Amino acid sequence: MSHRWGMVVDLDRCTGCEACVVACHAENNIPTVGPAEAARGRAMHWLRVERYWEGEFPDVRLKFRPVLCQQCNAAPCEPVCPTYASHHTEEGLNAQVYNRCIGTRYCANACSYNVRFFNFFNPVWEKPLHLQLNPDVSLREVGVMEKCTFCVQRIKAKTQQVKAENRELKDGELKPACAQSCPATAILFGDLNDPESQVSRLSRSSRGEKLLEELGTLPNITYLKGQAEA
Amino acid sequence: MDRRNFIKLTAVTGGAVTLASCGNPEHELIRFVPDEDLTPGLAELKPGVCPLCSAGCGTTVRVMQADVDTVRNGQAGVVTMSVAKKLEGNATHPVNQGALCARGQAAIQIAYHPDRITQPLKRRGAKGSGDFQPIEWDAAIAELVAQLDKLTASNAQASLACWTRPGASARHDLTTMFLSRFGAAAPTTFELFGDDVLRRANLMSFGREQLPTFDLAASRYAISFGADFLGTWNSPVAQAAAYGRMRQGRRGVRGAFVQAEPRMSLTGASADEWVAIRPGTEGVLALGLAHVILREKLRPADAGGRAGALVDGWSKGLPDYTPQAIEQKTGVKAARVERLARELAEQRPSVALIAGAPLAHAHGLFQALAVNALNALLGSVGTPGGVSFMPQVDAAAASRPARPLRAVAADILAADKSPVQVLLLDRLNAVHATPPGWRVREAVLKVPFVVSFGSFLDDTSVLADLILPDHAFLESWTDARPESGATIALTTVAGPAMKPLYQTRATPDVLLDIAKKLKQPIKPELAWPSFDQMLQASIGEDAWSTATKQGWVEIKGKGQPADSKGQRSEGKGQGDIAREAVFDGDAAQYPFYFLPYASQAFVDGSVAHLPWLQEMPDPMSTAMWSSWVEINPQTAGRLGIGDGDVVEIASAHGTVRAPALISPGIAPDVLAMPAGQGHETFTRYASGRGSNPVKVLGPSVEQVTGALAWAATRVKVTRVGEPDGTLIRFGGSLTEAEHTHR
């Protein structure tokens with residue numbers, strides 16, 4: 001059976017703690033750019049926690065929303081790429097082929113979610129910080145666009161392992177780094193082609209919504225609203 | 001000759017040939033023989049212990065091969081070895097259950113930090129100059145031994161002191177044993193956002209001098225008084241896991257959550273109802289809720305038990321705490337107090353939490369005792385959905401109890417000859433974490449011989465005479481005994497995940513070594529040849545293989561801390577403790593309450609040197625690499641302060657400058673600042689970055705425990721300049737700003 005990877009983010013569980021943000025950096029060799037470049041808007045966070053203030057003191061509320069590539073089924077980033085670096089995989093991922101990318105940045109321009117990040121310079125890991133790099137994930141060089149991959153290296157490793165062991169993938173067995181680190185289990189990952197998987201069931205929840213649904217991008221990520229606002 | 005030795009020999013001779021035939025041997029790449037236990041491309045998962053806080057979470061260390069620049073026998077070269085690649089939560093660990101917080105994941109950067117101290121150092125310049133020179137390990141240890149022998153010769157063993165961070169572990173036990181048997185006091189522990197007040201209150205109310213564990217997963221209603229339990233306080237990963245289940249883990253039941261605090265914390269942002277309360281009146285609100293519950297007979301009057309009896313007027317139904325009185329004192333409307341009280345009593349199991357700023361006052365103990373009494377009244381102590389205490393094993397007893405940091409510093413400064421002659425610093429940056437009035441820097445400078453075991457130069461270790469750098473936690477045996485977050489007594493333990501990168505030595509092993517080298521060996525002797533053998537002995541042979549395999553083990557058979565420990569405080573009512581907040585500074589001159597808070601990235605600043613955490617956007621503000629002062633929009637408007645403008649915060653004790661951050665989540669009469677930045681010395685990533693709110697705090701302490709009252713200072717604020725560009729926000733810069741291309 002082919003897979004279609006999807007995610008559910010339960011906003012009623014999310015505490016905004018940012019464990020996912022650092023997990024993503026650690027897993028995917030995302031560089032830190034330093035204060036000067038960060039001040040120029042060049043910090044790279046494939047996954048960020050957005051916060052929305054509502055109301056005025058003392059009746060004030062703040063809501064968190066982890067935002068990462070929504071892995072759209074009708075992705076605005078894909079058709080604009082002149083080199084097919086940004087393309088759709090058979091398993092529903094918006095993939096980015098780094099060595100095809102020529103840095104037009106059209107995809108980042110087209111993305112409705114602001115989740116694509118451009119390498120304005122070659123990343124630097126001051127030695128021996130390079131020892132933390134994950135050998136399963138390629139490093140990106142200057143002039144290349146990068147983004148969340150749903151930890152495709154983990155998907156590949158696990159599906160190959162399952163195949164070698166001649167068995168089916170168990171629901172919940174495969175987790176991207178963000179979901180694995182989440183203390184409150186707010187992030188769930190799985191196969192949307194399996195109607196019984198936890199992500200399939202929860203994405204049909206009455207609390208479910210897609211981010212900027214009205215744009216028609218058909219994301220593979222479903223957000224579950226807090227019950228108070230459902 | 002086996003294969004391994006053959007290869008070694010050829011490598012060595014090959015290297016020698018290259019050296020001989022080449023004009024610039026130092027430019028040659030020497031490749032040392034790699035270890036044989038390597039499998040290229042295959043990751044190995046080893047257990048680990050998160051070293052950052054006393055939660056004691058278990059980690060899984062992903063270990064793979066890498067080429068490491070190294071020095072072997074004085075020769076620089078490259079060796080292929082197993083190194084840690086990533087830290088993940090240990091899925092079997094009862095506390096963190098497979099998850100790991102942002103800080104824990106960044107801890108790997110401690111091992112690979114470019115500014116780690118790689119070998120022993122000895123002071124060359126003046127004290128505090130930061131001018132050090134390398135020294136051999138044997139010579140360095142001989143120097144410390146000579147200093148200690150000198151103390152013994154003059155019968156001044158008690159003038160050895162050690163400052164460290166709190167947290168139960170075999171490592172801490174070993175340090176305590178070393179000091180006690182040498183004849184010195186137990187290590188002085190300090191933490192800016194420490195929990196001494198709550199521990200003392202729990203001892204008085206429940207007979208347990210310990211931090212509580214909350215069964216939120218089964219709670220239907222939780223009210224928290226200033227406790228940042230989802231972000232930085234106590235065991236945040238365990239608490240967030242329980243919180244997730246409280247919200248969405250039960251069919252048809254979603255637990256409600258109320259947070260009372262004057263500045264919205266990360267935890268407060270998740271609350272259904274956020275109650276802006278006047279600083280320092282949290283205990284009053286708790287007793288107001290209890291008043292309504294008692295008046296309306298929503299709970300049995302005697303449910304308060306021992307915890308209730310500690311509160312004056314409890315048996316009479318707390319007549320001084322009517323909703324009208326509460327409204328006047330706390331700013332929370334009387335009708336709201338009535339409603340919250342009913343919800344608490346009716347939506348049981350319900351639970352109350354208190355921590356952080358409410359306890360950092362002269363009357364902190366009163367505030368904690370009030371919330372303890374409320375929990376007892378709600379029937380939430382030791383019951384599902386309530387608060388309980390994790391079984392513990394007794395720590396090694398110290399013959400001479402530790403003295404508080406403030407008192408030690410004061411003694412050093414008061415005497416002509418410092419009562420501390422040799423000071424051991426173990427990972428505690430006391431200069432950064434204490435208010436100017438404690439004069440800790442001066443005190444450290446007055447100690448004749450200061451030794452630091454830390455891996456980095458920070459504001460305190462830069463004052464040392466000798467630096468004996470510890471291994472990174474990933475390179476050594478580590479352990480922790482969690483105080484909270486699980487239902488069984490356990491110890492988290494792990495062996496080295498990788499070989500040391502540098503000429504460092506594990507501090508516990510250094511202590512064991514010194515104990516043997518003293519002229520007059522300490523008695524009873526510390527007989528273990530190395531720290532891992534001590535660990536093994538403390539855990540027991542049966543449990544050892546389980547412990548080392550899974551990274552933690554349940555500890556049984558040693559009982560719980562004796563309830564009798566509570567006797568010394570029992571029966572002491574509230575009659576003689578402070579019940580109202582006292583703020584340092586005149587209200588007319590200093591119109592604002594000043595609230596430093598534990599930052600989500602750095603907590604108190606001990607991890608401010610890690611670049612992942614510097615660049616992690618703060619969840620509430622999206623600020624990175626920054627310090628800031630949070631100001632209510634109305635206040636800012638009134639004072640003509642714009643977002644990002646540089647402001648100066650002044651108290652009677654000091655000033656700091658930082659950019660203003662206009663925030664709707666803070667009371668108009670409160671100014672808040674995240675702790676963690678403002679290091680003078682702390683590696684290339686944190687030195688000279690931002691400002692330290694602790695440097696404006698008054699020296700006030702909690703009246704009974706002597707803990708630093710860090711939320712009890714008043715300040716004024718002045719705009720001093722235009723935005724200086726140091727407030728860097730991720731959220732404000734999602735679309736690229738206009739700028740000229742480089």
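Analysis parameters
Residues numbered from 1 in each chain as written. Chains lettered and ligands numbered in written order. Predicted model: local features only at pLDDT ≥ 70, side-chain atom pairs only at ≥ 80, totals over all residues. Helix = DSSP H or I, 4+ residues; strand = E, 2+ residues; numbered from the N terminus. Rg over C-alpha atoms; globule rule 2.2 N^0.38 Å. Buried ≥ 20, exposed ≤ 12 C-beta atoms within 10 Å, placed from the backbone. Contact = placed C-beta atoms within 7 Å. Pairing = 2+ DSSP bridges. Axes fitted to C-alpha atoms, helices over the stretch in contact; angles between N-to-C directions. Parallel < 35°, antiparallel > 145°, perpendicular 65-115°, else oblique. Left-handed = near helix turned anticlockwise from the far one by under 90°. Nonpolar A, V, L, I, M, F, W, Y, C, P; charged D, E, K, R; others polar. Core = buried A, V, L, I, M, F, W, Y, C linked by C-beta atoms within 7 Å. pLDDT = per-residue confidence, 0-100.

Describe the overall build of chain A, naming the residues involved and giving the relevant values.
Along its length, chain A carries six helices and 10 strands. Taking 230 residues into account, the globule formula puts the C-alpha radius of gyration at 17 Å, and chain A, at 18 Å, falls close to it. Within the span of chain A, comprising 230 residues, buried residues form 46% of the whole. Across chain A, every contact between residues at least 6 apart in sequence was considered, and the portion connecting residues at least 24 apart equals 62%.

Can you tell me about the overall build of chain B, naming the residues and giving the values?
Broken down by element type, chain B carries 22 helices and 27 strands. For a compact globule of 742 residues, the expected C-alpha radius of gyration is about 27 Å, and chain B comes in at 27 Å, within 12% of that figure. Along the longest, intermediate and shortest principal axes, the C-alpha atoms of chain B span 90 × 70 × 65 Å. Within chain B, buried positions represent 58% of all 742 residues.

How would you summarise the pairing of strand 12 (residues 350–354) of chain B if you had to cite specific residues and measurements?
Residue and element names in this part refer to chain B. Burial of strand 12 is extensive: five of the five residues sit out of reach of the surface. Residues Ser350, Ala352 and Ile354 of strand 12 are buried on one face, and the alternating residues Val351 and Leu353, pointing to the opposite face, are buried as well. Two strands pair when backbone bridges link them, and strand 9 (residues 221–225) and strand 12 are joined in this way by five bridges, in the parallel orientation. Bridge pairing in strand 12 links Phe225 to Ile354.

Residues and numbers for the interface of chain A and chain B, please.
Counting residues at the interface gives 50 residues for chain A, matched by 59 residues for chain B. Within the residue set of the side of chain A that touches chain B, elements represented by two or more residues are helix 1 (19–28), helix 2 (34–39), strand 2 (48–54), strand 3 (61–67) and helix 5 (177–181) of chain A. In terms of residue count, the dominant contributor to the side of chain A that touches chain B is helix 1 of chain A (seven residues).

Can you break down the sheet that holds strand 11 (residues 273–275) of chain B residue by residue, with the values?
Residue and element names in this part refer to chain B. Spatially, 11-10-9-12 is the arrangement adopted by the four strands of the open sheet, whose pairing is parallel. Bordering the open sheet on either side are strand 11 and strand 12, each of which pairs with just one other strand. Within the sheet, the average angular offset between the axes of one strand and its neighbour, ignoring direction, is 15°. Packed onto the sheet, helix 12 (residues 334–346) meets strand 9, strand 10 (256–260) and strand 12 and runs at close to 130° relative to strand 9. Each of strand 9 and strand 12 touches helix 13 (residues 364–377); the most contacted strand, strand 12, lies at about 170° to it.

Now, about the packing of helix 9 (residues 282–295) of chain B against helix 13 of chain B: what can you tell me, with residues and values included?
All names here are of chain B. Where helix 9 meets helix 13, the closest approach of the two axes is 8 Å, and the angle between their N-to-C directions is 25°. Classed by the angle they form, the pair helix 9 and helix 13 counts as roughly parallel. Considering only the axes of helix 9 and helix 13, their crossing is left-handed. When helix 9 is examined against helix 13, the residues Glu282, Gly283, Ala286, Leu287, Leu289, Ala290 and Ile293 are found in contact with a partner set consisting of Phe366, Gln367, Ala370, Val371, Ala373, Leu374 and Leu377. Partitioned by chemical class, the residues of the contact of helix 9 with helix 13 number 11 nonpolar, two polar and one charged.

Summarise unusual backbone geometry; cite the residues concerned and give the values.
The peptide bond linking Arg348 of chain B to Pro349 of chain B adopts the cis configuration, its omega dihedral lying at 0°. Tracing the chain through its elements places Pro349 of chain B in the loop between helix 12 and strand 12. Along the chain, Lys523 of chain B connects to Pro524 of chain B via a cis peptide bond; the corresponding omega equals -10°. Examined against the element boundaries, Pro524 of chain B turns out to sit in the loop between helix 17 (507–517) and helix 18 (531–539). Not every positive phi belongs to a glycine, and Thr185 of chain A is a case in point at roughly 50°. Along the chain, Thr185 of chain A falls in the loop between helix 5 and strand 8 (187–191).

Before we move on, could you go through the sheet that holds strand 18 (residues 490–494) of chain B and cite the residues and values that matter?
Residues and elements named next belong to chain B. Here three strands make up an open sheet; going across it, the order is 17-18-19 and the pairing antiparallel. Strands at the two margins of the open sheet, each flanked by one partner only, are strand 17 (478–480) and strand 19 (552–554). When strand polarity is set aside, the average angle formed by the axes of neighbouring strands in this sheet is 20°. Of the strands in this sheet, strand 18 and strand 19 are in contact with helix 19 (residues 541–550), which crosses strand 19 at around 140°.

Outline the packing of helix 6 (residues 196–206) of chain B against helix 13 of chain B, listing residues and values.
Packed helix pairs are specified by the crossing angle of their axes together with the interaxial distance, meaning the distance between the axes. Residues and elements named next belong to chain B. Taken N-terminus to C-terminus, the directions of helix 6 and helix 13 make an angle of 45°; their axes are 9 Å apart at the nearest point. Comparing their axes, helix 13 and helix 6 come out oblique. Considering only the axes of helix 6 and helix 13, their crossing is right-handed. Contacts between helix 6 and helix 13 involve Val197, Leu198, Arg200, Ala201, Asn202, Met204, Ser205 and Phe206 from the former and Gly364, Leu365, Ala368, Leu369 and Asn372 from the latter. Grouping the constituent residues of the contact of helix 6 with helix 13 by class yields eight nonpolar, four polar and one charged.

I'd like a rundown of the nonpolar core, residues and numbers included.
All names here are of chain B. Leu289 and Ala373 are the most contacted members of the largest nonpolar core, which totals 308 residues. Broken down by element, the residue count for this core peaks at 10 residues, all from helix 13. If we skip the residues at most four places from it in the chain, Ala373 touches Ala290, Gly304, Ala307, Gly308, Leu310, Val311 and Trp314.

Hey, could you go over the environment of Asp228 of chain B for me, with residue numbers and the actual values?
Residue and element names in this part refer to chain B. Looking at where Asp228 falls in the secondary structure, it is placed in the loop between strand 9 and helix 7 (236–248). Between the alpha carbons of Asp228 and Ile354 there is a distance of 8.9 Å; along the sequence they are 126 residues apart. Excluding anything up to four places from it in sequence, Asp228 contacts Trp233, Ser265, Leu266, Thr267, Gly356 and Ala598.

Just give me the short version of the pairing of strand 23 (residues 646–650) of chain B, but keep the residues and values in it.
Residues and elements named next belong to chain B. Note: strand 23 against strand 24 (residues 655–662), five bridges, orientation antiparallel. In the strand pairing of strand 24, Glu648 is matched with Arg657. The loop that links strand 23 with its antiparallel partner strand 24 comprises four residues. Pairing of strand 23 with strand 26 (residues 713–721), which is carried by five bridges, proceeds in the antiparallel orientation. Bridge pairing in strand 26 links Val646 to Gly721.

Explain the confidence of the model for chain B to me, using residue names and the numbers behind them.
Residue and element names in this part refer to chain B. Averaged over all residues, the pLDDT of chain B is 91; the fraction at 70 or higher stands at 91%. Scored below 50 in pLDDT, residues 9–22 makes six contacts in the model with residues more than four places away or belonging to other chains. Low pLDDT (under 50) marks residues 733–742, which in the prediction has six contacts with non-local residues, meaning those over four places away or in another chain. Here the prediction assigns the complex a pTM of 0.93, and the interface score ipTM is 0.97.

Talk me through the environment of Gly678 of chain B; I want residue IDs and the actual numbers.
Residue and element names in this part refer to chain B. Within the fold, Gly678 resides in the loop between strand 25 (670–674) and helix 22 (683–686). Remark: the alpha-carbon pair of Gly678 and Ile649, spanning 29 residues in sequence, is separated by 14 Å. Beyond its immediate chain neighbours, meaning those up to four positions away, Gly678 contacts Ser627, Gly690, Ser691, Asn692 and Lys695.

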